[in-house]
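Residues per chain, in single letters:
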Amino acid sequence: MTLPALLSACDAVVLSPSGDVAARQRDVLVTSTLLMLLIIVPVICLVVFFAWKYRASNTDATYAPDWSHSTKLEVVIWAAPLLIIICLGGLTWVGTHLLDPYRKLDRISKEMVVTDEHEPLQVQVVSLDWKWMFIYPQYGIATVNELAAPVDRPIEFKLTSSSVMNAFYIPTLAGMIYTMPGMETALHGVINEEGVYDGFSSNYSGAGFSGMRFKFHGMDDAGFDDWVADVQAQDATLDRDTYLDLVQPSENVPPMHFAGVEDGLYHDILNMCVEPGQMCMNDMMMQDMHTRSGGAEMAHGQHQGQHADHGAMSHDGHGMEGMDVSRNGGEDEMQSDTPEADKTATDADRRMLRGHGLGRDFMPLFQSDPAQPDATQPNPDNQ
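Each value, and the rule that gives it
- Residues numbered from 1 in each chain as written.
- Predicted model: local features only at pLDDT ≥ 70, side-chain atom pairs only at ≥ 80, totals over all residues.
- Heavy atoms only, no water.
- Helix = DSSP H or I, 4+ residues; strand = E, 2+ residues; numbered from the N terminus.
- Buried < 20%, exposed > 50% of the residue type's maximum accessible area, 1.4 Å probe, protein only.
- Contact = heavy atoms within 4.5 Å.
- Areas by Shrake-Rupley, 256 points an atom, 1.4 Å probe, with all protein chains shown as cover.
- Pairing = 2+ DSSP bridges.
- Axes fitted to C-alpha atoms, helices over the stretch in contact; angles between N-to-C directions.
- Polar contact = N/O pair within 3.5 Å; in protein donor to acceptor, adjacent residues only side chain to side chain.
- Parallel < 35°, antiparallel > 145°, perpendicular 65-115°, else oblique.
- Nonpolar A, V, L, I, M, F, W, Y, C, P; charged D, E, K, R; others polar.
- Expected span 1.5 Å × (residues − 1).
- Bend = angle between axes of the 7 residues up to and from the residue.
- Patch = residues over 30% accessible without salt bridge, like charges linked within 9 Å, V, L, I, M, F, W, Y side chains within 5 Å.
- Salt bridge = Lys/Arg side-chain N within 4 Å of Asp/Glu carboxyl O.
- Lys, Arg positive; Asp, Glu negative; His and termini not counted.
- Charge placed at Lys NZ, Arg CZ, Asp CG, Glu CD.
- Core = buried A, V, L, I, M, F, W, Y, C linked by side-chain atoms within 4.5 Å.

### Thoughts on the overall build of the chain
Here is step 1 of the chain: What the chain contains, in helices and strands, is 10 helices and 15 strands.
Here is step 2 of the chain: Counting over 383 residues, the chain shows a buried share of 34%.
Here is step 3 of the chain: Here the analysis covers contacts within the chain between residues at least 6 apart in sequence; of these, 63% occur between residues at least 24 apart.
Here is step 4 of the chain: Only carbon and sulfur atoms are counted for the fraction: they give 60% of the accessible area of the chain, which is about 23100 Å².

### Quick notes on the sheet that holds strand β7 (residues 155-161)
Adjacent strands of a sheet pair through backbone hydrogen bonds, lying either parallel or antiparallel.
Here is step 1 of the chain: Sheet architecture is open: six strands sit in the order β10-β7-β3-β4-β5-β14, paired in mixed fashion. Each end of this open sheet is capped by a strand with a single partner; those strands are β10 (185-189) and β14 (256-258). Between one strand axis and the next, the sheet turns through 20° on average, direction left out of account.
Here is step 2 of the chain: Note: strand β5 (residues 141-144) against β14, three bridges, orientation antiparallel. Bridged to Ala 142 within β14 is Phe 258.
Here is step 3 of the chain: In the packing of helix α4 (residues 221-232) onto the sheet, the strands contacted are β3 (121-128), β4 (131-136), β5 and β14, and the crossing angle to β5 comes to about 90°.

### Notes on the side chain of Thr 160
Here is step 1 of the chain: You can see Thr 160 is positioned in strand β7.
Here is step 2 of the chain: Classification of Thr 160 by relative accessible area gives buried; the value is 0%.
Here is step 3 of the chain: Polar contacts involving the side chain of Thr 160 include one to the main-chain carbonyl oxygen of Met 183, which spans 2.8 Å.
Here is step 4 of the chain: Residues in contact with Thr 160, not counting those within four places in the same chain, are Val 125, Val 126, Ser 127, Thr 179, Met 180, Pro 181, Gly 182, Met 183, Tyr 266, Ile 269 and Leu 270.

### Some points on the side chain of His 217
Here is step 1 of the chain: Within the element layout of this structure, His 217 appears in strand β12 (residues 213-219).
Here is step 2 of the chain: For His 217, a relative accessible area of 18% translates into the label buried.

### A word on the packing of helix α2 (residues 20-53) against helix α3 (residues 71-98)
Here is step 1 of the chain: Put simply, α2 and α3 touch, their axes get as near as 10 Å, and they point 175° apart. One finds that α2 runs roughly antiparallel with respect to α3. When α2 is examined against α3, the residues Arg 24, Val 28, Thr 31, Ser 32, Leu 35, Met 36, Leu 38 and Ile 39 are found in contact with a partner set consisting of Ala 80, Pro 81, Ile 84, Cys 87, Leu 88, Leu 91, Gly 95 and Leu 98.
Here is step 2 of the chain: Its residues assigned to classes, the contact of α2 with α3 shows 12 nonpolar, three polar and one charged.

### A few points about α2
Along an α-helix, a turn takes 3.6 residues, which lines up residues three or four apart on a common side.
Here is step 1 of the chain: The terminal C-alpha atoms of α2, which comprises 34 residues, lie 49 Å apart, in line with the 50 Å expected from a rise of 1.5 Å per residue.
Here is step 2 of the chain: Along α2, the sharpest change in direction is near 35° and occurs at Leu 37.
Here is step 3 of the chain: Listed as buried for α2 are Asp 20, Val 21, Ala 22, Ala 23, Arg 24, Ser 32 and Leu 35.
Here is step 4 of the chain: In this fold, the buried residues of α2 make contact with α3, β1 (107-109) and β10.

### Digging into a negative patch on the surface
Here is step 1 of the chain: Where like charges cluster on the molecular surface, the negative patch consists of Glu 194, Asp 220, Asp 221, Asp 225, Asp 226 and Asp 230.
Here is step 2 of the chain: Along the chain, Asp 220 turns up in the loop between β12 and α4.
Here is step 3 of the chain: Its relative accessible area of 36% is what places Asp 220 among the partly exposed residues.

### Observations regarding the environment of Trp 227
Here is step 1 of the chain: Of note, Trp 227 is situated in helix α4.
Here is step 2 of the chain: Look at Trp 227 and you get buried, because its relative accessible area is 9%.
Here is step 3 of the chain: Taking the C-alpha atoms as reference, Trp 227 lies 8.0 Å from Ala 148; in sequence the two are 79 residues apart.
Here is step 4 of the chain: Leaving out residues up to four positions away in the same chain, Trp 227 has contacts with Tyr 136, Ile 141, Thr 143, Glu 146, Ala 148 and Met 219.

### Digging into the nonpolar core
If you look at soluble globular proteins, the nonpolar side chains tend to sit buried side by side.
Here is step 1 of the chain: If you look at the biggest cluster of nonpolar residues, it comprises 34 residues, and the most contacted ones within it are Tyr 136, Leu 147, Phe 157, Phe 168 and Phe 216.
Here is step 2 of the chain: Looking at this core, the elements with two or more residues in it are β3, β4, β6 (146-150), β7, β12 and α4.
Here is step 3 of the chain: Among the elements that take part in this core, α4 stands out by supplying four residues, more than any other.
Here is step 4 of the chain: Not counting chain neighbours up to four residues away, the residues in contact with Phe 216 comprise Leu 147, Ala 148, Ala 149, Ile 155, Ile 170, Leu 173, Ile 191, Gly 195, Val 196 and Tyr 197.
Here is step 5 of the chain: Counting 15 residues, the second-largest nonpolar core is a separate cluster that includes Leu 128, Val 253, Phe 258 and Tyr 266.

### Examining the environment of Arg 213
Here is step 1 of the chain: Following the sequence through the fold, Arg 213 ends up in strand β12.
Here is step 2 of the chain: Judged by relative accessible area, which is 44%, Arg 213 ranks as partly exposed.
Here is step 3 of the chain: Placed 45 residues apart in sequence, Arg 213 and Phe 168 show a C-alpha to C-alpha distance of 9.9 Å.
Here is step 4 of the chain: If near-sequence neighbours (up to four positions away) are discounted, Arg 213 is found in contact with Asn 145, Gly 199 and Phe 200.

Without other data, these values stay purely geometric and don't point to any function.
Below, the structure is given as structure tokens:
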């Protein structure tokens, strides 16, 4: 009698979602459970049956102490689970690829497919300590701890984090997706019924984790337009200074609305360069890529020069002249293909270069002093 009372507060939102993606995920979950029950239920029943039939007091039960093998039993014991595993594997394979969070939606509901007329709603999500920030680049607005979307319109989420890993989850809309600092994840979903739904962080992230919740409003088109107009009527603007204030840890933050968003703010949040003087990660990676590609080209030029030197000395005897030509050519190539910082660096600066992509094989190319060791000899400084 107490069981219904204990379960009365439960909300089976995962089993009764309002979004098509979450509904298809529910179908995969239910189908997988039923397939497994085809094995679990008979096994449990047989365990109870054997315990009762072969009890000590049942003298009519078959007693066969020398029994050791039955081909029929072996076939049943191995074939049934194997078939279930094959079915589960196929279901998981299809469901995993069909419901990939990075995959764009191909339908809005069972009766409606996505066409070119359905413009997706773009939402940029940033998990903060301990709140959620949502940027609507198509409308130039932003909110904190409140999310809204029109019914039957595809939603494209791009997600990142300001500091620690979190997990974005609206059970009625779609599956869970992680947010990570310096990285961007993606999630596609659609809401098919109007209502107010719960969203939260499903990955523990510190002291304020329990209050890191927000409301997701599913509205009709007119209601969503009114909601956007209300946000645009606010006085606050989400600029860098405001964001740096929001980044500071705070708990149980009420919803906040911003009528404008500074250009490029999400880009800088993703690349961790919001504060003045910070180098963006994409610029850092680009510089590192240039460094590596420059090193590979210079190493290739050194091999070309060495082959040219050897060929010149073996054919016409003008080894020194051939070497000079190849060296000059290598320097010209280096000057044209290397970053600007390398072009203006002094010899002393170049000798101090270290890092990924700067191997010891081509380091002597930066040395203009004849007293330095030859490239073909081991260089203790570059070990």
